[in-house]
Amino acid sequence: MSNCQLLRNIITESSKMSELPSADKDGAIEGGASSEKGDNNNNADAAPSLSIQPQTTKPPPTKLIPSGVVCLRGNLVQETRESTTVYRITGLWSLGLDKILADPENKIGLCSDFEYEHKTESSSDETTAVSFPPSGNYIGSFTINNAGVKTKVEEQDVLLNFVENNEGYHN
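Bear in mind that the values here come from a model prediction, so they are computed numbers and not experimental data.

Rules behind the numbers
- Residues numbered from 1 in each chain as written.
- Predicted model: local features only at pLDDT ≥ 70, side-chain atom pairs only at ≥ 80, totals over all residues.
- Heavy atoms only, no water.
- Helix = DSSP H or I, 4+ residues; strand = E, 2+ residues; numbered from the N terminus.
- Buried < 20%, exposed > 50% of the residue type's maximum accessible area, 1.4 Å probe, protein only.
- Contact = heavy atoms within 4.5 Å.
- Areas by Shrake-Rupley, 256 points an atom, 1.4 Å probe, with all protein chains shown as cover.
- Pairing = 2+ DSSP bridges.
- Salt bridge = Lys/Arg side-chain N within 4 Å of Asp/Glu carboxyl O.
- pLDDT = per-residue confidence, 0-100.
- Disulfide = S-S within 2.5 Å.
- Axes fitted to C-alpha atoms, helices over the stretch in contact; angles between N-to-C directions.
- Core = buried A, V, L, I, M, F, W, Y, C linked by side-chain atoms within 4.5 Å.
- Phe/Tyr/Trp six-rings, centres within 6.5 Å; stacked < 30°, edge-to-face > 60°.

Q: Pulling in residues and values, what's your account of the overall build of the protein chain?
A: Each helix and strand in the protein chain was counted, giving two helices and nine strands. Going through the 171 residues of the protein chain one by one, you find that 26% of them count as buried. Taking contacts inside the protein chain between residues at least 6 apart in sequence as the whole, the part at least 24 apart equals 53%. Of the roughly 12000 Å² of accessible surface on the protein chain, 50% is carried by carbon and sulfur atoms.

Q: If you had to explain the pairing of strand 9 (residues 149-160) to someone new, which residues and values would you point to?
A: The pairing of strand 8 (residues 136-146) with strand 9 spans ten bridges and is classified as antiparallel. When the sheet's bridge partners are listed, Asn 137 is paired in strand 9 with Leu 159. Where strand 8 folds back on strand 9, the antiparallel hairpin that results is connected by two residues, among which Ala 147 adopts a positive phi of roughly 55°.

Q: Summarise the pattern of salt bridges; cite the residues concerned and give the values.
A: Applying the stated rule across the entire model yields seven salt bridges. Between Glu 115 and Arg 88 there is a salt bridge, and its shortest N-O distance comes to 3.2 Å. Here Glu 115 is found in strand 7 (residues 112-121), whereas its partner Arg 88 is found in strand 6 (residues 84-94), with 27 residues between them in sequence. Each member of the salt-bridge network shares a partner with another, and the members are Glu 79, Arg 88, Glu 115, Glu 117 and Lys 119.

Q: Can you break down the pairing of strand 8 residue by residue, with the values?
A: Taken together, the four bridges between strand 7 and strand 8 define a ladder with antiparallel strand orientation. Bridging across to strand 8, Glu 117 finds its partner in Ile 139.

Q: Tell me about the confidence of the model for the protein chain, residues and numbers included.
A: The share of residues in the protein chain with pLDDT of 70 or more is 63%, and the mean pLDDT across the chain is 74. Here residues 1-43 scores under 50 on pLDDT; set against residues more than four positions off or in separate chains, the count is 58 contacts.

Q: Break down the state of the cysteines for me, with residues and values.
A: In this structure the tally under the stated criterion is zero disulfides. A disulfide-free cysteine, Cys 71 has its sulfur positioned 8.9 Å from the sulfur of Cys 111, the nearest such atom. Residue classification places Cys 111 among the buried positions, given a relative accessible area of 4%.

Q: Which residues make up the sheet that holds strand 5 (residues 71-81), and what are the values?
A: Taken in spatial order, the five strands of this open sheet run 5-6-7-8-9, and their pairing is antiparallel. The open sheet has two edge strands, strand 5 and strand 9, and neither has a second partner. Averaged over neighbouring strand pairs, the angle between their axes works out to 15° when direction is ignored.

Q: Outline the nonpolar core, supporting the account with residue identities and numerical values.
A: Listed in full, the eleven residues of the largest apolar core are Val 70, Tyr 87, Ile 89, Trp 93, Phe 114, Tyr 116, Tyr 138, Phe 142, Val 153, Val 158 and Leu 160. Mapped by element, the contributors of at least two residues to this core are strand 6, strand 7, strand 8 and strand 9. Here Tyr 138 is in contact with Tyr 87, Ile 89, Tyr 116, Glu 117, His 118, Gln 156, Asp 157, Val 158, Leu 160 and Phe 162, once residues within four sequence places are set aside.

Q: So what's going on with the packing of aromatic side chains? Which residues, and what values?
A: One pass over the full model with this rule turns up three aromatic pairs. Seen from their ring centres, Trp 93 and Phe 142 are 5.9 Å apart, and the 90° between their planes marks the pair as edge-to-face. You can see Trp 93 sitting in strand 6 and its partner Phe 142 sitting in strand 8, a full 49 residues away along the chain. With a centroid separation of 6.0 Å and an interplanar angle of 35°, the aromatic rings of Phe 114 and Tyr 116 are classed as tilted. No difference in accessibility class separates Phe 114 from Tyr 116, as the two residues are buried.

Q: Can you tell me about the environment of Glu 105, naming the residues and giving the values?
A: Looking at the secondary structure, you find Glu 105 in the loop between helix 2 (97-102) and strand 7. Note on Glu 105: relative accessible area 60%, which makes it exposed.

And the structure:
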């Protein structure tokens, strides 16, 4: 599994929008697929139609899985300079929240660093409010520690989708 695909799986898992069909590790969609009555297309290779309804209620907070899955935990800060606003997420990732909680300052090396940022340009006459945190494409990197050798992995166009949950926080 590629690093980008792994991160997409993390993002998909953290969004937890139960009304939408879910994708398995190979990208196949489970649930939500149906064949409409009266469809005269007998092509066996045709993709089934999906009916996706917009989410009308806020989802519950994402259930955190303590171990066995990749977990990112960090801080999001906003910096504005002239007409550019930068949203930067920095923190630690590991193969489980339990490892991050056991070593939050990474003194024993259970975790690795990550940093992603999203930039928006605004004109002086723009009055449109940007939601915080902003969903969209982020660029950044994460490190992999392999037997004491750290390797930095750069990523472009990582899509993060923040959804406000029913407790006022974001999944």
